[in-house]
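Structure assessment
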Amino acid sequence: MPSLFVIGGARSGKSRYAQERAETTGLSPMFIATAQAYDDEMRERIARHQADRGPEWQTVEAPLDLAQTIKAHGAPDRVVLVDCLTLWVSNLMLAERDIAAATGDLAEALGGAKGPVILVANEVGLGIVPDNALARRFRDAAGIVNQKVAALADEVQFLAAGLPLTLKQNR
Amino acid sequence: MPSLFVIGGARSGKSRYAQERAETTGLSPMFIATAQAYDDEMRERIARHQADRGPEWQTVEAPLDLAQTIKAHGAPDRVVLVDCLTLWVSNLMLAERDIAAATGDLAEALGGAKGPVILVANEVGLGIVPDNALARRFRDAAGIVNQKVAALADEVQFLAAGLPLTLKQNR
Amino acid sequence: MPSLFVIGGARSGKSRYAQERAETTGLSPMFIATAQAYDDEMRERIARHQADRGPEWQTVEAPLDLAQTIKAHGAPDRVVLVDCLTLWVSNLMLAERDIAAATGDLAEALGGAKGPVILVANEVGLGIVPDNALARRFRDAAGIVNQKVAALADEVQFLAAGLPLTLKQNR
């Protein structure tokens, strides 16, 4: 099934763009949230994002077991939106999971998806090299996941200031 | 009147590109500077930028009251260049102004401009999530302003290594 | 001779893309490494990158004297790949060399190259303004070098998530 990968910076409009693309499929939309509400700032962001989506959206949470969740919920009459892969990578690191293995599982789930999948990720590698080694490890891991998903996706859009730039478009 | 929005990273050549675009209009160019010379490093940057512009340029300063300044100086025979919106957002935050209200005023000023307006902004959301909450708030505010201005502009260019990439071009 | 400039963030796939482009020339590939193995993390990265390249690659190191190395090794039957300019800028700063003069020498070496040259650099200006003045100076210097090299290159590609976006293509 066709898959769309949307990358961009913080506040680049990537979530909104991905939601609009999901809604234009005419299929029943499901939101797979990777965010965990571990503090007030994050709880606020999650609530704001949920309010932005309409009542037709179903929401499930998958902070870690993303491949399994995509497999369980993919269906020909449903579009699945994963937002976002970068938080998922962060969750995997904090939980000391094997990121390479999890990325392999994700690739397999995308390949076997029974309906269209839209994935959102942050591009985090375009600033100054971070001071601490953990941030550098995270930056590397997030970048590698982005490359793998972009290679698999049928379409990749880079968002800046709310506007999409096509990085890839299979026909 | 047509408006052009130029975004890019630090030292991406966005100011030079915006100035060249202003000069090719053949209109009388006015520079609206949002920078405030609060330290030596900034004073140096401002002086360097002024030296780069030719003597045909008029300069006015608008660290906070940007909408009002655009309204006051827009004219059919003049091109107005605002550089840059990101510093303006920073100034608004430091002055504890209402950024949403100021952005609304800016949008209104752009809609009613009596001559072409060119706006420059930094894209600051493509690095690692900043450690401190203030920087995250700034990053969010700057990104939201960029999205709003990009939605209003007739043309949006993303600059990297001095080269423009078209994000939007109305015809 | 034609030159290609590849810019992108950390883990954007820029090195791999540049290597593939070098290999498709059919010429004998030479890798000019600007990296210095000053700690274990860097030693690991260098070893990983060398293992990624095939046995047909020759490697020379040029942490500082890049122009001279390009001049010495450029040849009509060889493609030279410089990876990366941003580390070179960092090396020049640490060694307190004159970056403007070194960039001038690099420009001259590129202009007079006897074979095709591919250069890789990081885009580091798209995050929040760094806290410390040294990082800001570095960010400025790296951005200026990128602009100069992009102006000289026949082709410039921006990499994100492993995918190229054409910034410039002379014909």
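Check the entry above for the structure.
Worth saying up front: this structure is predicted, and the values here are computed from it rather than measured.

Calculation criteria
Residues numbered from 1 in each chain as written. Chains lettered and ligands numbered in written order. Predicted model: local features only at pLDDT ≥ 70, side-chain atom pairs only at ≥ 80, totals over all residues. Heavy atoms only, no water. Helix = DSSP H or I, 4+ residues; strand = E, 2+ residues; numbered from the N terminus. Rg over C-alpha atoms; globule rule 2.2 N^0.38 Å. Buried < 20%, exposed > 50% of the residue type's maximum accessible area, 1.4 Å probe, protein only. Contact = heavy atoms within 4.5 Å. Areas by Shrake-Rupley, 256 points an atom, 1.4 Å probe, with all protein chains shown as cover. Lys, Arg positive; Asp, Glu negative; His and termini not counted. Charge placed at Lys NZ, Arg CZ, Asp CG, Glu CD. Least-squares fit on C-alpha atoms with pLDDT ≥ 70 in both. Axes fitted to C-alpha atoms, helices over the stretch in contact; angles between N-to-C directions. Parallel < 35°, antiparallel > 145°, perpendicular 65-115°, else oblique. Left-handed = near helix turned anticlockwise from the far one by under 90°. Nonpolar A, V, L, I, M, F, W, Y, C, P; charged D, E, K, R; others polar. Buried area = accessible area lost by both parts, 1.4 Å probe. Salt bridge = Lys/Arg side-chain N within 4 Å of Asp/Glu carboxyl O. 1 Å grid on protein atoms, 1.4 Å probe; cavity = no way out; pocket = protein on both sides within 12 Å on 5 of 7 lines; lining within 4 Å. Points joined across faces, edges and corners; volume = space filled by probe spheres on them. Phe/Tyr/Trp six-rings, centres within 6.5 Å; stacked < 30°, edge-to-face > 60°. Lys NZ or Arg CZ within 6 Å of the ring centre and 35° of its normal.

1. What about the overall build of chain A?
If you tally the helices and strands in chain A, you get six helices and seven strands. Ordering the α and β elements of chain A from the N terminus gives β-α-β-α-β-α-β-α-α-β-α-β-β. Taking 16 Å as the expected radius of gyration for a compact globule of 171 residues, we find that chain A reaches 15 Å, a close match to that expectation. For chain A, the spread of C-alpha atoms along the three principal axes comes to 45 × 35 × 30 Å. Within chain A, the proportion of its 171 residues that are buried is 55%. Relative to all contacts within chain A whose residues are 6 or more apart in sequence, the contacts with residues 24 or more apart total 76%. On chain A, roughly 7600 Å² of surface is accessible, and the fraction owed to carbon and sulfur atoms is 50%. Looking at chain A, you have 18 positive and 21 negative side-chain charges, and the mean spots of the two groups are 3 Å apart.

2. Points about the relation of the copies chain C and chain B
When chain C is fitted to chain B, the residual RMSD is 0.0 Å, and the transformation amounts to a turn of 120° plus an axial shift of 0.0 Å. The relationship between the two copies is best expressed as a three-fold rotation axis. Taking C-alpha positions as reference, the residue of chain C nearest the rotation axis is G127 of chain C, located at 2.5 Å.

3. Thoughts on the packing of helix α4 (residues 85–94) of chain B against helix α5 (residues 99–111) of chain B
Residue and element names in this part refer to chain B. Their axes nearest at 10 Å, the elements α4 and α5 cross at an angle of 140°. Here α4 lies oblique to α5, going by the angle between them. Crossing hand, α4 versus α5: right-handed. Contacts between α4 and α5 pair L85, W88, V89, L92 and M93 from the former with I99, A102, T103 and L106 from the latter. Looking at the contact of α4 with α5 residue by residue, the classes come out as eight nonpolar, one polar and no charged.

4. Section: the interface of chain C and chain B
Counting residues at the interface gives 20 residues for chain C and 24 residues for chain B. Carbon and sulfur atoms make up 65% of the area that chain C and chain B hide from each other, which totals about 1700 Å². Counting across the interface, chain C meets chain B through two salt bridges. The salt bridge partner of D140 of chain C is R11 of chain B, with a shortest N-O separation of 3.9 Å. Residue assignment for the side of chain C that touches chain B shows that the elements contributing at least two residues are α6 (133–152), β6 (155–160) and β7 (163–169) of chain C. Counting residues per element, the side of chain C that touches chain B draws most heavily on α6 of chain C, which supplies eight residues. Partitioning the side of chain C that touches chain B into residue classes produces nine nonpolar, six polar and five charged.

5. Focus: the layout of surface pockets
In this approach a probe as big as a water molecule rolls over the atoms, and the regions it shows empty are the leftover space. One number sums up the size of the second largest pocket: a volume of about 260 Å³. If you trace the second largest pocket, you find it lined by R11, E41, E44, R45 and R48 of chain A together with M93, I99, R136, R137, D140, A141 and I144 of chain B. When residues of the lining of the second largest pocket are traced back to their parent elements, those giving at least two are α2 (40–52) of chain A together with α6 (133–152) of chain B. Across the lining of the second largest pocket, the residue classes break down as four nonpolar, no polar and eight charged.

6. Some points on the packing of aromatic side chains
For the structure shown, the criterion picks out six aromatic pairs over all chains. Here F158 of chain B and F158 of chain C contribute two aromatic rings whose centre-to-centre distance is 6.2 Å and whose plane-to-plane angle is 70°, an arrangement assigned as edge-to-face. Placement of F158 of chain B in strand β6 (residues 155–160) and of F158 of chain C in strand β6 is noted, with the two residues assigned to different chains. Centroid distance F31 of chain C to W57 of chain C: 6.2 Å. Interplanar angle 75°. Geometry classified as edge-to-face. Linking F31 of chain C in strand β2 (residues 28–33) with W57 of chain C in the loop between α2 (40–52) and β3 (58–61), this pair joins segments that are 26 residues apart in sequence. Take F31 of chain C and W57 of chain C: they sit in the same class, and that class is buried. We note R53 of chain B situated over the ring of F31 of chain B; from NZ or CZ to the ring centre the distance is 3.4 Å.

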